[in-house]
Amino acid sequence: MSDKAIETLLAEDRRYPAPEDFAAQANAKSDIYDIPFEEFWEREGRERVTWFEPFTSLLEWELPYAKWYLGGKINVSYNCLDRHVEAGLGERVAYLWEGEPEGERSSLTYAELLAQVVRMANVLKELGVGKGTRVAIYLGMVTELPIAMLACTRLGAPNTVVFGGFSADSLADRSNDMGCEVLITQDEAWRRGSTVPLKLTADEAMAAAPGIRACLVVERTGNEVPMQAGRDHWLHNFEVPDDPATCPPEPMDAEDLLFLMYTSGTTAKPKGIAHTTGGYLVGAATTHRYVFDLKPETDVYWCAADIGWITGHSYIVYGPLCNGATSVMYEGTPDFPDKDRWWEIVERYGVTILYTAPTAIRAHMKWGPEFAEQHDLSSLRLLGSVGEPINPEAWVWYREHIGGDRLPVVDTWWQTETGMILITPLPGVTTLKPGSATRPFPGVDAAVVDDQGEEVGPGGGGYLVLRRPWPAMTRGIFGDDERYRTTYWERFPGMYFAGDGARIDEDGDFWLLGRVDDVMNVSGHRISTIEVESALVDHTSVAEAAVCGRADQLTGQAIVAFVTLKGGQEGSVEMLEELRDHVAMKIGPIAKPANIVFTPELPKTRSGKIMRRLLRDVAEDRPLGDTTTLADPAVVAEIADRAVAQPAED
Ligand code: WTA
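Residues numbered from 1 in each chain as written. Predicted model: local features only at pLDDT ≥ 70, side-chain atom pairs only at ≥ 80, totals over all residues. Heavy atoms only, no water.

Here's the deal with the sheet that holds strand E14 (residues 257–263)
Note the threshold: Two strands are said to pair when DSSP picks up at least two bridges between them. Numbered from the N terminus, helices here are DSSP runs of H or I no shorter than four residues, and strands are runs of E no shorter than two. Between N-to-C directions, angles span 0 to 180 degrees; the directions come from axes that are lines fitted to C-alpha atoms, helices contributing only their stretch in contact.
Strand order in the open sheet made by the seven strands is E12-E11-E8-E6-E7-E14-E15, with mixed pairing throughout. Edge positions in the sheet fall to strand E12 (232–234) and strand E15 (271–276), since each has one partner strand and no second. Strand-to-strand, the axes of this sheet are offset by a mean angle of 25°, without reference to chain direction.

Focus: the site of the ligand
Put simply, the rule is: Proximity is defined per residue: if any heavy atom of the residue lies within 4 Å of a molecule or strand, that residue is considered near it. Nitrogen and oxygen atoms within 3.5 Å of one another constitute a polar contact, given that in protein one can donate a hydrogen and the other can accept it, and given that sequence-neighbouring residues count only through two side-chain atoms. All accessible areas in this document rest on Shrake-Rupley with a 1.4 Å probe, and a residue is counted as covered only by the protein chains that are shown. Residues are grouped as follows: Ala, Val, Leu, Ile, Met, Phe, Trp, Tyr, Cys and Pro are nonpolar; Asp, Glu, Lys and Arg are charged; every other residue, Gly included, is polar.
The full set close to the ligand counts 16 residues, and Asp411, Thr412, Gln415, Thr416 and Asp500 are the nearest of them. Between the ligand and the protein, one listed contact pairs a nitrogen atom with a backbone N or O atom of threonine 412 at 2.7 Å. Within the side chain of glutamine 415, one N or O atom sits 2.9 Å away from an oxygen atom of the ligand. The fraction of the free accessible surface of the ligand (520 Å²) that becomes covered by protein chains is 90%. Going through the elements one at a time, helix H9 (310–322) and strand E24 (510–515) are the ones with two or more residues in the shell around the ligand. Considered class by class, the residues forming the shell around the ligand number six nonpolar, five polar and five charged.

Observations regarding the pattern of salt bridges
Side chains bearing opposite charge may pair, as long as their charged atoms lie close to each other. Rules: Any carboxyl oxygen of Asp or Glu that lies within 4 Å of a side-chain nitrogen of Lys or Arg is treated as forming a salt bridge with it. For each residue, the accessible area found with a 1.4 Å probe, counting protein chains only, is set against the maximum for its type, and the residue is called buried under 20%, exposed over 50%, and partly exposed in between.
Taken as a whole and assessed by the stated rule, the structure comprises 43 salt bridges. Between aspartate 299 and arginine 381 there is a salt bridge, with its nearest N and O atoms 2.8 Å apart. On the criterion of sequence distance, the pair formed by aspartate 299 in the loop between helix H8 (278–291) and strand E16 (301–303) and arginine 381 in the loop between helix H12 (370–373) and strand E19 (382–385) is long-range, its members being 82 residues apart. Comparing aspartate 299 with arginine 381 shows no difference in burial state: the two are buried. The partner of lysine 604 in a salt bridge is glutamate 544, with the nearest N and O atoms 3.1 Å apart.

Some words on the packing of aromatic side chains
The cut-off we apply is this: By convention, a stacked pair of Phe, Tyr or Trp rings (six-membered ring in the case of Trp) has centres within 6.5 Å and planes under 30 degrees apart, an edge-to-face pair has planes over 60 apart, and any other such pair is tilted. Only when the NZ atom of a Lys or the CZ atom of an Arg is both within 6 Å of the ring centre and within 35 degrees of the ring normal do we say a charge sits over the ring.
Applying the stated criterion to the full structure yields 36 aromatic pairs. Their ring planes at 40° and their centres at 5.1 Å tell us that tyrosine 65 and tyrosine 484 sit as a pair that is tilted. Note that tyrosine 65 is positioned in strand E2 (residues 65–70) and tyrosine 484 in helix H14 (residues 481–488), a separation of 419 residues in sequence. Grouped by ring-pair contacts, the aromatic residues Phe37, Phe40, Trp41, Trp51, Phe55, Trp68, Tyr69, Tyr290 and Phe441 constitute a single cluster. Over the aromatic face of tyrosine 463 sits the side chain of arginine 491, whose NZ or CZ is 5.2 Å from the ring centroid. Seen from the ring of tryptophan 511, arginine 503 lies directly overhead, with NZ or CZ sitting 4.7 Å from the centre.

Structural notes on unusual backbone geometry
A cis amide bond links leucine 63 to the next residue, proline 64, at an omega of 0°. Within the secondary structure layout, proline 64 lies in the loop between strand E1 (57–62) and E2. Residue phenylalanine 336 is joined to proline 337 through a cis peptide bond whose omega torsion reads -5°. As for its position among the elements, proline 337 is in the loop between strand E17 (327–330) and helix H10 (341–349). Of note in this structure, alanine 245 is not a glycine but carries a positive phi near 65°. Structurally, alanine 245 is set in the loop between E12 and strand E13 (252–253). Look at alanine 245 and you get exposed, because its relative accessible area is 58%.

Following this line, the structure appears as structure tokens:
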């Protein structure tokens, strides 16, 4: 067994210093790293948000729980809306909304958004929602989604947004776990030209979630859906008696619960990751301002995630609105009606900042650059990535084909639990390296440690930990203190363990290696899946690759690769040999996949992460585990068929 916690084999030498003109105008200059931790978060706590009552103490840290901005009173919807309108910015556009059906577009100014939030808040009040009432939100990417979230924050009602692709069971489980009394949903959603029956699914969920006593329904497609008298209410024709047209924002304690975001863990029961009010908002707004270099007067910012995930919470809703940004919000999929839909959107609205996920970038790579080439993308000035390690080839493709070979790409590492970006370049400061998230955000203390919890030196690999609290960190797993402690705090005493592997290079930059449960052990060498995947994607014919280990009598584990070729090419024995040699050349013979399975698609969760657990089941020829969170369950059956047809190598 080697003495390194995780071996690192892949060398990436390309460097991209911050362009001079970008650096000259950037919100963050290099001296931002010199500000002491407490001073930094004190300053941001005062500058990014407006408090009804100022905080009296910055931080209370009783491991594993932190409290931030103690004594402060604040309201999120006031910060995201009223204060901008009061400052004379009511006419600024908050959202440029693009529906999936072609030609459906609308925009909402800050004043209009405020009016709609006030209206929905007053409707919710009529339904008995007040401070502390818990609300479930089950909506697609319609403007009523941020409106519903903000209406809840206005009343001080904690909410949980359940992604519109989730099943009735998932919605019921989450509502029951949180104790939700009211559900907000829509008749149907649009997806790839067909309708998704959200209200019908919500009905099924409500049958299993007796705590929900009222359901507010947004009209989207206008098709008929069942409405249960007394329980279900349309939003559009709801009459608020003596409609006051105002709704005072509830002053909340900095540490009051803002929302829960459920995320899956190793067991079937999802974890309700809790975020509170003051620290979360400061963290989201601060990172949004510096990482994306936001200029609210001129930028058109587009985070192409779904609001049903943490990325959409922090970087479509709370961060951007708190900063007074103009954002694009798109309802549908990137390939509807054609694969140039995103680039058409960038051109139409003059998008300047684009934030998306490696899985989307790889999909565009697979389709080919010709779709982007049909459009004028010259308005773009910054690109971002989040959600998975980004393979250097995908990073470089993104920069070249979307960024005209001139734009900075910020690879941002964070999690549902962290609430805000923690490891990231600053685009006017950092020399970029494809595949590296570079360094901790100012005021964040991250490190890579070995099995014993000792910090590894330059060039070393190991486990990513956080050694100091940060404002937007989770305040725990809702109702499960024990699980919170064991999941994140037991592995390395006194440190938050993120569950990710990472390495540190000679310059102190961080390279994320994926979840540690994805690490393979081949002949005593611990090899990260991402490095082998990146070596495969580096081959000109490969669009996407996922790698996992299977048991092997000789080597402990052998590497199995699942590969999608570009432009719908089919695999061949020659290609198989070529790819194995390519990995051997890029990394070394130790990392050569023993088997390669060619497949048109990889199994992914609905948020786009590759489900290696299922690939491991296929590789080990085991019955498949839980497939309920798969975006397309048919994919894995097809892969299993192909894996059987594939003769074992070596
Ligand atoms: C992975 C999404 C490498 C990581 C915001 C993390 C990344 C998990 C990156 C959290 C990145 C996210 N590079 N890996 N830039 N960003 N991850 O909770 O494994 O959906 O632990 O939050 O995604 O996923 P989550």
